[in-house]
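# Coordinate inspection notes
One-letter residues, chain by chain:
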Amino acid sequence: MVLPAAVVAADSKKVVEVSGELRVSIEEDEQVFLSARPLPGEALDAFARRFTDDPATKKEILAGNAGMNLMRKDVFVRVPYRLLSDNYRRIAMEALFPGDRGDAKGWIHVVTAPAGHPESLWRIAEWFTGDGSNYRSIREEGQIAALPTESGEAVRIPARLLLPAFRSAAADAATASAPESLLEFGQDEKGRYALYRLKRGEALYSSVVIRFTGRLHAEDVRAKAEEIAARNGITDVRAIPAGFAVKIPVEDLAPEFRPADDPARIAEEKSRLEAQQFVNRVRAADLSGVTFVLDAGHGGRDIGASVDGVEEARYVYDLASRVQALLSEHTKAQVVATVQGKGTCRRLADAVSDTRAARVLTHPPYPLDDAVAGVNLRWYLANAVLRSVERQGGSEDRTVFVSLHADSLHPAVRGLMVYIPGERFLRNAFRKNGAVYSSRREVREAPKVSFSRRERIKAEGISRDLAEKIVRAFRAAELPLHAYQPIRANVIRGGREWVPAILRYNRIPARVLVEVCNLNNPEDRKLLVTRAYRDRVAQALVSALVSFYGGGPDRTLRASLK
Ligand SMILES: [Zn+2]
């Protein structure tokens with residue numbers, strides 16, 4: 001790796017490449033720097049704002065890069081750690097210390113001596129809490145005997161002392177499962193495997209296949225469970241004793257569960273870290289100036305999933321109407337629906353209206369005769385909304401797209417799942433041909449869609465930020481959510497992986513597909529048919545949107561639904 005002069009200028013002991021444009025380095029004296037290449041046409045003010053949230057830091061950035069010809073796209077500009085925004089501090093620390101993690105009580109930092117000697121407690125306190133003198137509390141609470149640290153030592157920084165970005169990571173980790181410690185890796189004549197010991201009451205389907213392999217659809221889960229059973233000599237998958245150690249082939253594991261040196265895991269962590277720099281920075285607690293494109297999935301002839309007479313299209317349309325009503329009562333967001341049905345939502349009723357007459361609101365509208373054309377016309381419509389926002393001086397950062405669905409997965413899965421556009425699935429340029437498309441204004445205006453690399457990374461990062469807000473809002477409202485991985489960057493089904501078309505060709509950066517629940521799960525189904533549940537989901541979605549734009553929980557909003 002050949003690094004431009006600016007990056008290796010001083011005595012960098014370790015340099016981590018986050019992306020082609022972004023590097024993190026640490027020097028002998030434990031000073032940490034982030035080095036980045038400016039975007040085309042980016043001035044120093046904008047650069048300083050991007051990395052430090054404060055244009056006033058530009059003087060210091062200039063001083064620290066003395067003698068350099070700044071703001072050329074081939075020159076890396078160094079920014080000292082203490083000037084970085086909270087978000088970039090976390091990116092820098094995660095790049096330098098990939099073994100660190102959050103837990104229920106705080107952040108665990110593993111000493112790895114990247115500067116050539118073990119990092120001091122003072123530095124650790126400074127990096128993670130913003131104040132070196134916090135080393136005393138860290139030492140006391142962690143009952144750390146010796147002041148000098150040793151390589152491999154795990155230092156816990158209590159949650160209350162952490163900078164917000166590390167604190168929220170710790171909180172998320174605390175509520176998610178901590179899988180790594182559950183798996184041991186080994187090898188036998190059939191290849192590399194991860195060993196998982198079943199606990200009492202755990203089944204192969206849910207506790208192994210759904211949890212560790214990422215499969216969710218009933219047919220995939222069953223097929224993979226059969227394969228794993230056969231590898232382990234299990235003849236009856238329903239009668240596996242507690243404590244049985246199941247061997248799961250490493251190639252079946254989702255990347256995040258693989259060994260730390262696995263190429264798929266390394267690739268995933270790298271792209272995660274790169275995408276992490278894109279979070280929403282726009283603040284608009286009342287959502288003024290925000291355009292919210294709301295897509296109720298399916299409609300017309302396409303009823304979506306249907307289980308025991310519960311039709312997905314009708315329930316998600318009702319839910320969308322509730323979201324729309326709450327937004328117009330409590331916020332200043334402008335809501336653009338992609339689909340319109342005939343009936344109106346009766347807010348106090350459990351029953352939902354018919355959506356057979358639903359149309360996609362293109363010009364002219366599309367009566368949803370064909371589900372695939374229906375989906376394509378929705379993203380064309382979303383892209384047209386974004387163009388119109390930008391024509392009127394608005395910004396893509398004040399535009400959000402949410403598509404509402406209810407899933408039909410293996411019955412053991414329940415609760416919310418949010419899909420985001422995984423960067424690696426957005427590669428190609430794309431267009432649709434045929435009269436159903438060319439007859440519509442939204443398509444004629446811009447028939448072809450493609451993304452730059454930066455746009456793809458931004459979409460994944462900012463959509464994950466939105467998805468995290470949705471997951472937190474569901475958790476706060478005690479609504480069911482998927483037990484293991486409620487946010488996913490792609491669908492896995494029938495041996496293939498992809499991003500749903502509604503997200504794949506959509507140009508609104510913050511875009512998610514929300515599966516509010518799993519219709520094949522009897523408990524989820526029972527909830528969805530009640531208006532009380534749909535109100536709580538609508539409320540959670542609105543709070544998520546408000547918090548995405550920097551607002552806190554809205555009392556009026558909460559009270560309105562009591
Ligand atoms: Zn659906």
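My aim in this report is to walk through the structure given alongside it, one point at a time. Values in this document were obtained by computation on a predicted structure and should not be read as measured data.

With a probe scaled to a water molecule rolled over the atoms, the places where space remains empty come into view. One pass over the full model with this rule turns up two cavities of 30 Å³ or more. There is about 50 Å³ of room inside the largest cavity. Contributing to the lining of the largest cavity are F292, V402, L466, I470, L541, A544 and L545. Looking at the lining of the largest cavity, the elements that each hand over two or more residues are helix 15 (453-476) and helix 18 (531-548). Looking at which element gives the most residues to the lining of the largest cavity, the answer is helix 18, with three residues. Within the lining of the largest cavity, the residues separate by chemical class into seven nonpolar, no polar and no charged. Empty space within the second largest cavity amounts to approximately 40 Å³. Lining the second largest cavity, in full, are R314, Y317, D318, S321, T344, C345, V352 and S353. Taken together, the residues of the lining of the second largest cavity sort by class into three nonpolar, three polar and two charged.

With respect to the helices, strands and loops of the structure, K469 is situated in helix 15. Judged by its relative accessible area of 16%, K469 falls in the buried class. K469 sits 79 residues away from F548 along the chain, and the two C-alpha atoms are 6.3 Å apart. Here the side chain of K469 touches D465 through a polar contact of 2.8 Å, side chain to side chain.

Turning our attention to helix 8 (residues 204-213). For helix 8, the tally of buried residues reaches nine of 10 residues, placing the bulk of the element in the interior. Buried within helix 8 we find L204, Y205, S207, V208, V209, I210, R211, F212 and T213. Those residues of helix 8 hidden inside the fold are in contact with strand 9 (191-197), helix 9 (218-231), strand 10 (245-249), strand 21 (487-488) and strand 22 (491-493). One or two residues past the end of helix 8 sits G214, with phi positive at roughly 80°.

All right, on to the coordination of the zinc ion then. Around the zinc ion, the protein contributes the donor atoms H298 (NE2), E312 (OE) and H405 (ND1), at 2.0 to 2.1 Å from the metal centre. Read N to C, the donor residues that coordinate the zinc ion are spaced as H-x13-E-x92-H. In this pair, H298 sits in the loop between strand 11 (291-296) and strand 12 (306-307) while H405 sits in strand 17 (residues 399-407), placing the two residues 107 residues apart along the sequence. A relative accessible area of 18% means that H298 is categorised as buried. What makes H405 buried here is its relative accessible area of 11%.

Before going further, it helps to examine the sheet that holds strand 9. Taken in spatial order, the three strands line up as 8-9-10 in an open sheet, and their pairing is antiparallel. Looking at strand neighbours, the two that pair on one side only are strand 8 (184-188) and strand 10, the edges of this open sheet. Mean inter-strand twist for the sheet, computed between neighbouring axes without regard to direction, equals 40°. As defined by bridge partners, strand 8 adjoins strand 9 across five bridges and the pair is classed as antiparallel. In the sheet register, G186 faces strand 9, and the bridge partner there is Y193. The sheet contacts of helix 8 involve strand 9 and strand 10, and relative to strand 9 the element is tilted by about 130°. Contacts from helix 9 reach strand 8, strand 9 and strand 10, with the element oriented near 115° to strand 10.

Okay, the pattern of salt bridges next. Oppositely charged side chains can form a pair if their charged atoms are brought close together. Under the counting rule described, the total for this entry stands at 40 salt bridges. Note that D188 and K247 form a salt bridge whose closest N and O atoms lie 3.1 Å from each other. Taken together, the residues D188 in strand 8 and K247 in strand 10 connect sequence positions 59 residues apart. Through salt bridges with shared partners, a single network forms among D318, R322, R531, R534 and D535.

About the thresholds
Residues numbered from 1 in each chain as written. Predicted model: local features only at pLDDT ≥ 70, side-chain atom pairs only at ≥ 80, totals over all residues. Heavy atoms only, no water. 1 Å grid on protein atoms, 1.4 Å probe; cavity = no way out; pocket = protein on both sides within 12 Å on 5 of 7 lines; lining within 4 Å. Points joined across faces, edges and corners; volume = space filled by probe spheres on them. Helix = DSSP H or I, 4+ residues; strand = E, 2+ residues; numbered from the N terminus. Nonpolar A, V, L, I, M, F, W, Y, C, P; charged D, E, K, R; others polar. Buried < 20%, exposed > 50% of the residue type's maximum accessible area, 1.4 Å probe, protein only. Polar contact = N/O pair within 3.5 Å; in protein donor to acceptor, adjacent residues only side chain to side chain. Contact = heavy atoms within 4.5 Å. Donors = N, O, S within 2.8 Å, 3.2 Å for Na, K, Ca; no water. Pairing = 2+ DSSP bridges. Axes fitted to C-alpha atoms, helices over the stretch in contact; angles between N-to-C directions. Salt bridge = Lys/Arg side-chain N within 4 Å of Asp/Glu carboxyl O.

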